[in-house]
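Listed below are the residues making up each chain.
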Amino acid sequence: MNSRNTAQAVASLAFVLAVAVGGFFYPLAGFAVALVMAVAVAMTLFRPRSFCAKACPRGRALGFALKPFSRGRPLPAGSVTPGAKRALCGFMMFCVIGNVARLAGSGAALGRFFWGLCVISLAAGVVAGLLYRPRAWCAVCPMGTLQDTIGQAIGKRR
Ligand code: SF4
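Definitions and cut-offs
Residues numbered from 1 in each chain as written. Predicted model: local features only at pLDDT ≥ 70, side-chain atom pairs only at ≥ 80, totals over all residues. Heavy atoms only, no water. Axes fitted to C-alpha atoms, helices over the stretch in contact; angles between N-to-C directions. Helix = DSSP H or I, 4+ residues; strand = E, 2+ residues; numbered from the N terminus. Parallel < 35°, antiparallel > 145°, perpendicular 65-115°, else oblique. Contact = heavy atoms within 4.5 Å. Nonpolar A, V, L, I, M, F, W, Y, C, P; charged D, E, K, R; others polar. Buried < 20%, exposed > 50% of the residue type's maximum accessible area, 1.4 Å probe, protein only. Salt bridge = Lys/Arg side-chain N within 4 Å of Asp/Glu carboxyl O. 1 Å grid on protein atoms, 1.4 Å probe; cavity = no way out; pocket = protein on both sides within 12 Å on 5 of 7 lines; lining within 4 Å. Points joined across faces, edges and corners; volume = space filled by probe spheres on them. Phe/Tyr/Trp six-rings, centres within 6.5 Å; stacked < 30°, edge-to-face > 60°. Lys NZ or Arg CZ within 6 Å of the ring centre and 35° of its normal.

### Some thoughts on the packing of helix H1 (residues 3-25) against helix H4 (residues 57-66)
The relative placement of two packed helices is expressed as an angle between their axes plus a distance between the axes.
Working step 1: Relative orientation of the contacting elements H1 and H4 amounts to 110 degrees, with a least axis distance of 8 Å. The orientation of H1 relative to H4 falls into the category roughly perpendicular. Residue-level contacts link Thr6, Gln8, Ala9, Val10, Ser12, Leu13, Phe15 and Val16 of H1 to Pro57, Arg58, Arg60, Ala61, Phe64 and Ala65 of H4.
Working step 2: Considered class by class, the residues forming the contact of H1 with H4 number nine nonpolar, three polar and two charged.

Structure representation (structure tokens):
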């Protein structure tokens with residue numbers, strides 16, 4: 001990893017930790033998660049998965065921070081099916097849309113929801129990254145599946 005990549009990885013890790021820890025004390029920090037999700041969708045409209053390749057702080061942070069500790073094993077064959085990925089993505093979107101509608105009047109409550117989404121998925125990512133490869137979470141990540149879905153929909157229209 002060259003110095004530029006290292007600097008990007010350190011900045012990503014700092015961002016992820018700042019939101020995960022800071023959001024506990026300042027719920028509005030959770031909106032950083034909503035912003036990242038919006039950026040992922042926007043980038044995908046131009047180039048599918050470009051967010052994963054170039055901008056995702058979560059993916060970079062997991063890859064960087066867990067590398068020394070991860071068992072580095074592949075996920076078991078067949079453990080992540082397309083149907084399971086779509087179901088997880090659909091569940092996430094259901095939660096996001098439902099809570100945005102429900103909590104729209106309270107910035108703190110909505111920020112807390114996005115913060116919770118961040119912490120739960122980050123915890124899952126850390127466990128998966130330790131047991132398997134550092135970025136094992138990317139195999140099931142709902143934002144990755146959402147980008148693929150949008151990219152396929154755009155590809156069919158062109
Ligand atoms: S799959 Fe998810 S966690 Fe991995 S790089 Fe893409 S958006 Fe980030």
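### Examining the side chain of serine 121
Working step 1: Tracing the chain through its elements places serine 121 in helix H6 (residues 107-131).
Working step 2: On the basis of relative accessible area, serine 121 is assigned to the buried category, the value being 17%.
Working step 3: Setting aside its immediate chain neighbours within four residues, serine 121 contacts Arg58 and Trp137.

### As for unusual backbone geometry
Working step 1: We note that arginine 49 has phi near 65 degrees; this positive angle belongs to a residue other than glycine.
Working step 2: Turning to its location among the elements, arginine 49 is positioned in the loop between helix H2 (31-46) and helix H3 (50-54).
Working step 3: Accessibility expressed as a relative area gives 25% for arginine 49, which makes it partly exposed.

### Looking at the pattern of salt bridges
Working step 1: Applying the stated rule across the entire model yields one salt bridge.
Working step 2: Salt-bridge contacts for aspartate 148 lead to arginine 49; the nearest nitrogen and oxygen are separated by 2.8 Å. Taken as a pair, aspartate 148 in helix H7 (residues 142-157) and arginine 49 in the loop between H2 and H3 lie far apart in primary sequence, 99 residues in all.
Working step 3: Judged by relative accessible area, which is 25%, aspartate 148 ranks as partly exposed.

### So, the layout of surface pockets
Working step 1: One number sums up the size of the largest pocket: a volume of about 680 Å³.
Working step 2: Taken together, 33 residues make up the lining of the largest pocket; nearest its centre are Arg58, Leu117, Ser121, Trp137 and Met143.
Working step 3: Elements that contribute at least two residues to the lining of the largest pocket include exactly H1, H2, H3, H4, helix H5 (82-103), H6 and H7.
Working step 4: With six residues, the top contributor of residues to the lining of the largest pocket is H6.
Working step 5: Residue composition of the lining of the largest pocket, grouped by class: 26 nonpolar, four polar and three charged.

### Description of the environment of leucine 66
Working step 1: Locating leucine 66 in the fold gives a position in helix H4.
Working step 2: Considering only alpha carbons, one finds leucine 66 and leucine 130, 64 residues apart in sequence, at a separation of 6.6 Å.
Working step 3: Once residues lying within four places of it in the same chain are set aside, the contact partners of leucine 66 are Ala61, Gly125, Val126, Gly129, Leu130 and Pro134.

### What about the packing of aromatic side chains?
Working step 1: Within this structure, the stated rule accounts for four aromatic pairs.
Working step 2: Look at phenylalanine 24 and tryptophan 115: their rings are 6.0 Å apart centre to centre, the planes differ by 55 degrees, and that puts the pair in the tilted class. With phenylalanine 24 in helix H1 and tryptophan 115 in helix H6, the pair connects residues that are 91 residues apart, well separated along the chain.
Working step 3: By relative accessible area, tryptophan 115 is classed as buried at 15%.
Working step 4: Plain terms: the ring middles of phenylalanine 31 and phenylalanine 114 are 6.3 Å apart, the flat faces sit at 45 degrees to each other, and that makes the pair tilted. Linking phenylalanine 31 in helix H2 with phenylalanine 114 in helix H6, this pair joins segments that are 83 residues apart in sequence.
Working step 5: Taking relative accessible area as the criterion, phenylalanine 31 reaches 30% and is therefore assigned partly exposed.
Working step 6: Arginine 112 extends its terminal NZ or CZ atom over the ring of tryptophan 115, reaching a point 5.6 Å from the ring centre.

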